[in-house]
Amino acid sequence: MDNGVAFVLHKLELIQNDLQTPDSYETGFSHLREDFETLKLNLLFLKTFLLCSGIWSNDQSEVRLGSFLSKIEATVNRPGMDINILYLRAKCVFDLKSELKSVFTDLKRVVSNLLGNIKSFNKEIIDIYETLSSCSSSESRSRLRDCELVDFIDSVLQNLVNLLSCRCLESMEDYNSALALEDKLTFLKNFIGFAKFLGVEERELEDLLAHIQVVALNAAGLTYKCLFYREDEEMQDPKMCSIISELLEKINPVDLQVYETYVKVLKVSKSPKSLLATQTDMQILQDFNDSLRSSLWELLGSSTSFAVSVKDQMQKLYAGLSFLRSILKELPENMNELNDKIVAVISEAGIVIFSLFLNGVKEVDVDSLVVGESADCCTMLVNTNKNVTFIVAQLRGSSISGSLPSYHSFRGQEVCKTTRFKPPRGRVPITNEIVVGFDDDALKVINRLKRGSATLEIVPIVGMPGLGKTTLAKKVYNSPSVEAYFYIRLWCSFSQEYDTKNSLVQILSSDGKQSRVNEELKLLDEYDLAQKLRQMLMGKRYLIVLDDVWDIRVWHGLSISFPDNRNGSRVLITSRQSNVASEVQFAVEPYNLRILTEEESWELFQRKVFGEADCPRPLCMPGKRIATNCKGLPLTIVIIAEILSTIKDDAWSEVADSLTSTIVYATDQCKNTLELSYRRLPHHLKPCLLYFGAFREDQEIETAKLMRLWIAEGFVPAEGLVLDTEPKRIEALAEEYMMDLIGRNLVMVAKQRHIGGVKTCRIHGLLHEFCKEKAKEENFLQVLHGYGELSTFNERSCVERLSIWSKVEHFKKSMLFCPQICSLLLFSQIEESDSFMADISFVFCIYKSLRVLDLEQIFLRCKVFPREVEALVKLRYLGVQGAVSSIPPSIEKLSNLETFVVIAESGTVSLPDTIWNMTKLRHLHVVGRKVCCSLPSENLGNTSDLWNLDTFSTLIVSLDDRVENIMRKIPNVRQLKIQLSAGGCSTGNCNISNLTNVETLEVFAESSPPNPVQFSFPLRLKELVLGGLHLPWSRISVIEELRYLEVLVLLRLSFVGERWELTPGGFRELRCLILENLGVVKWEDATDSGDAFLGLQKLRLSGVLLLEKVPSRLQWIPLLEEIEVRDCTKSPKKLVHKIGKKQEDWGNMNLKIID
């Protein structure tokens, strides 16, 4: 009966796959996407209904059903034929844009009509579902066969997945309930398969199948209601959460009748003649084993207070089932001998787990063997574990305990006992980019880019890993002739884990003009980003570099955004895989990069180690041996040169000897080379380096966050343990560790701060792989990617840290039970549907030993911060992201918390008054786009001060005396970001001068204050950022007097007015000045202002469109190094170049002007 529905679904898939074109927006196809998806969703739900149409118990109902089905058939079949005709017609006129547009117009009409007709059936279908659910399950004519029931459950499960993915469930409770129902329906389906596999006869399955059918029908009707009730105001809200709770009670064996139905099937099972003879048999066993693991995991993470001894036995059973899961996938040689025992023990485990659900064993000691059902359940649990242990031992060939790995050597308490390391004064590594042997290659590639056809062409550069493809691409990209030839140049680097949306965001941000809208770009979906990029490139000659492309899907995912403007635009691709380049559409012949000659290798080696100086004679012999053994691979030369630049000269021979017997350019051999550098690291730096493995390859990591994680992990000793004459802040010590790793050329600076310091950092991809492998080897850290690795992870290992890169539902589905881990870092894709973690309660229930929990890249849908977090009393670092609007008072139970980060969606996050009791807090950050936090400011006399608080953002403060009350509670804060609220205030004063330790201050206003704000700043302020304050330029004199100020950033509307006159002697220590989106027209010298900006090194003007005059003082500043002009008119650029000319005349040849 569902053939017509299947036919239409098939045709819709064909249309979407075959008729999409790069100009789908112009042809009108893009307008069909939403209609197509909605129609497909409706058809899938209709298909589910048709699968159960045979469940009728009387003639009158059968007549009614026949009439209704005929109506559905007529409604679907005719439009289905029309869709097919339009599909065939579209294929014929595919190259004729106007004709194709006409076809799509007709198609949209047919689809819209069909969708409307299907929706007209909604109420009757829901009514039929309710009738079917209420039918007596004992009537034989009202029952589906087992195979039909499995198909029906599969269809309901697909409907649930669709509901979750299309966000039909806005309530978090409904979302969580749907996930739970999905899991339980899967259990029922797997139970049917397991029972049939074991040869249970049809009559013995009657009660089970009847029970499952009633549950499945209820679930089907409920999902149908959830899809449609919001579209029809007359429909009743199904109250999904409460209804699902009732359904779950019917599925879980908490009811004696349900328990007896389940156990009866397992007890009467018979072993089939050919046990586990086929892959299908094996899959059935795996599926049921997974369902039992899921049920046991639910019990372990539940609030039921099992006795400690019982819970230990439950954990043993869970570990045994997890081991069997991996064994069932691997199929070891001695598996056949244990087939019957494995099947028997899984059946036995099922009975035990069902008994645990039924009895809810509490306060029962396994050893006491109390008489009664609970004691029987405990005895069964112990015996089942013995049987599992026997099977595990047989399969492993040894005892379980003998195969457990040892604990890693990097325990926090051991690290804390180390003294502070002072880096040696060795040879300074050469950090500038040095290119040797690529001049000829660069010229050839540039010629390919600038010459040839006017149509869009793709120029691939291919070669083995480490050959210098990226270096050559950078040389070409930054070539003056290329920069002058192409109007737009964009760059995107890829890792092995490709994501179209992230790539589009990176490309759109790579021109240097999008840095401040990067967060806004992340909010767009993939289609809007692709259109935005296409619009940016339309009509312009552009060059796009796609660096380190691993998969042809990269090109397929992005090519639609690259218009052929027929003006000589080019895409430059680097790839280590020649087959990727050959598959790219519009590609010219790949440019195969050659290896360096021995002479070029030696030259590059010398310049990387010694710069312009010659290699000392004693080192020439081992140095040439090392360079020769690099086999012309630049990456290997660079890595080894960086290592040699930080070790003693007498160790060169050791390095040369270790490299002579291997092919160094092979990836594994490069890792062996890195082992030399790792072994020479002081003990306290090793865990810091290995921790980089927790992050994504090529990821730019915020150094402040990384150092806070190091501190929370215990890698950096507390102040009292630092053996030094002067005690240091623990953050300062962590920064020393970071700079030491950078000095050893193991960590690279990605972005610098305004006046030195490291804002973001990264490590080389090869070193990243080394860190992951070494961390795994040392049981220091395990990185798991995707469901495949999650589902096969050996939970009995002693690893203490997990970094998980996966869809969130896969993490939950994997049911990792590792209560011993102390750190969990969970990463997912930016703003994708899979990154929405609805229910994180399992984390708090299971991983109670956590010191670090980083969920900052996972969006939590809950409005209220999850209260279950209070169970994680050992936490030192907690980072979350989501729609959180308040923090509960119970947060104070996290008395060890040092770093608390909340990335909110919008608005103000309310912090409780109990926050004042969290005296160990060092870093408190509530951030996000237009996000701030409020602190209780009343009755503060009896509360504690946050003496240890070092950094704090973003605090909303009112312009009255309350701001001073709050500031007194955070006396030692060093970095502070505040947002002013003028509501209900009359004074307009903001006095924060009592914060004598503040070095960095950011002040913004949510709206224009009624009167200019009177500020009192901390006198020792070093960095100040202002925005939205609407201050007159006369008020800048308060800032000019700050003697220690080194960085000043004035953002949009921080000051208003057309004229800014310098004060004599102002900004004497200022080193960096940034003016962004200001309306100043005349920036003038004042009388006797010759000593202003005496120490200025960097000046950046961005969006200062009206500027007509700048101080002549800028022409004479002796230390000026860089002036950057972005998004400005000709007038500011002309003024800047005039400054540059004067500086050059006065002998400053180092001034760099960027425009």
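Residues numbered from 1 in each chain as written. Predicted model: local features only at pLDDT ≥ 70, side-chain atom pairs only at ≥ 80, totals over all residues. Heavy atoms only, no water.

This next bit is on the sheet that holds strand E8 (residues 758-762). In space, the 3 strands of this open sheet follow the order E6-E8-E7, with antiparallel pairing throughout. The sheet is open, and its two borders are formed by strand E6 (701-702) and strand E7 (748-752), each paired with just one other strand. Here 2 bridges tie E6 to E8, and the two strands are oriented antiparallel to one another. Bridged to Glu-702 within E8 is Thr-760. (Pairing = 2+ DSSP bridges. Helix = DSSP H or I, 4+ residues; strand = E, 2+ residues; numbered from the N terminus.)

Pairs of packed helices are described in terms of their axes, by the angle between the two and the distance that separates them. At their nearest, the axes of helix H9 (residues 206-228) and helix H11 (residues 256-267) sit 9 Å apart, and the two run at 130° to each other. Judged on the interaxial angle alone, H11 and H9 are oblique. Between H9 and H11 the crossing geometry is left-handed. Where H9 approaches H11, its residues Asp-207, Leu-208 and His-211 are matched on the opposing element by Val-258, Thr-261, Tyr-262, Lys-264 and Val-265. Of the residues belonging to the contact of H9 with H11, the class tally is 4 nonpolar, 2 polar and 2 charged. (Axes fitted to C-alpha atoms, helices over the stretch in contact; angles between N-to-C directions. Parallel < 35°, antiparallel > 145°, perpendicular 65-115°, else oblique. Left-handed = near helix turned anticlockwise from the far one by under 90°. Contact = heavy atoms within 4.5 Å. Nonpolar A, V, L, I, M, F, W, Y, C, P; charged D, E, K, R; others polar.)

The next thing to look at is the environment of Thr-760. Along the chain, Thr-760 turns up in strand E8. Spatially, the C-alpha atoms of Thr-760 and Ile-701 are 5.2 Å apart, while their sequence positions differ by 59 residues. Ignoring any residue separated from it by four or fewer positions in sequence, one finds Thr-760 in contact with Glu-700, Ile-701, Glu-702, Thr-703, Val-749, Ala-750 and Lys-751. A polar contact is formed between the side chain of Thr-760 and the side chain of Glu-700, at a distance of 3.3 Å. (Polar contact = N/O pair within 3.5 Å; in protein donor to acceptor, adjacent residues only side chain to side chain.)

Before going further, it helps to spend a moment on helix H22 (residues 526-537). With 12 residues, H22 should cover 16 Å at 1.5 Å per step; its first-to-last C-alpha distance of 17 Å lies within 8% of that length. Every buried residue of H22 is accounted for by Leu-529, Ala-530, Gln-531, Leu-533, Arg-534, Met-536 and Leu-537. By the N-cap criterion, in which a side-chain oxygen at the helix start approaches the backbone nitrogen of a residue two or three places on, H22 is capped by Asp-525, the distance to Tyr-527 being 3.2 Å. (Expected span 1.5 Å × (residues − 1). Buried < 20%, exposed > 50% of the residue type's maximum accessible area, 1.4 Å probe, protein only.)

Here we take up the pairing of strand E13 (residues 852-860). By the criterion of burial, E13 is predominantly enclosed, with 8 of the 9 residues buried. Note that strand E11 (residues 823-827) and E13 share 3 bridges and pair parallel. Along E13, the bridge assignment pairs Leu-825 with Asp-854. Relative to strand E14 (residues 877-882), E13 runs parallel, the two sharing 6 bridges. By the bridge assignment for E14, Val-852 is matched with Tyr-877.

On to the environment of Met-380, then. With respect to the element layout, Met-380 can be found in helix H15 (residues 373-396). We classify Met-380 as partly exposed; its relative accessible area is 27%. Excluding residues within four positions of it along the chain, Met-380 makes contact with Glu-348, Ile-351, Val-352 and Ser-355.

With omega at -10°, the peptide bond leading from Ser-953 into Thr-954 counts as cis. Position of Thr-954 among the secondary structure elements: in strand E19 (residues 951-958). Within the chain, Asp-548 stands out as a residue other than glycine whose phi angle is a positive 60°. By secondary structure assignment, the location of Asp-548 is in the loop between strand E3 (542-547) and helix H23 (552-558). With a phi angle near 55°, Asn-779 is a residue other than glycine that sits in the positive phi range. Here Asn-779 is to be found in the loop between helix H33 (765-777) and strand E9 (782-785). Among the residues examined, Asn-779 registers a relative accessible area of 10% and is labelled buried.

Now for the nonpolar core. Ranked by size, the top nonpolar core spans 237 residues in total, and within it Tyr-847, Ile-1039, Trp-1083 and Phe-1093 carry the most contacts. It is H9 that provides the largest number of residues to this core, a total of 13 residues. The contact partners of Tyr-847, leaving out residues within four places of it in the chain, are Phe-811, Leu-816, Phe-817, Cys-818, Ile-821, Leu-824, Phe-842 and Leu-872. (Core = buried A, V, L, I, M, F, W, Y, C linked by side-chain atoms within 4.5 Å.)

One pass over the full model with this rule turns up 31 aromatic pairs. Relative to Phe-770, the ring of Tyr-678 lies with its centre 5.6 Å away and its plane at 65°, an arrangement referred to as edge-to-face. With Tyr-678 in helix H29 (residues 667-679) and Phe-770 in helix H33, this pair connects stretches of sequence that are 92 residues apart. Side by side, Tyr-678 and Phe-770 carry an identical accessibility label, which is buried. Both rings, one in Phe-695 and one in Phe-827, keep their centres 6.0 Å apart while their planes meet at 55°; by these two values the pair is tilted. On the criterion of sequence distance, the pair formed by Phe-695 in the loop between helix H30 (686-690) and E6 and Phe-827 in strand E11 is long-range, its members being 132 residues apart. On the accessibility criterion, Phe-695 (3% relative accessible area) is buried. Among the aromatic residues, ring-to-ring pairing joins Phe-187, Phe-191, Phe-194, Phe-197, Tyr-262, Phe-288 and Phe-354 into one connected group. Directly above the aromatic system of Tyr-485 lies the positively charged group of Arg-541, at a separation of 4.1 Å from the ring centroid. (Phe/Tyr/Trp six-rings, centres within 6.5 Å; stacked < 30°, edge-to-face > 60°. Lys NZ or Arg CZ within 6 Å of the ring centre and 35° of its normal.)

From the geometry alone we can't say anything about function, so treat these as descriptive.
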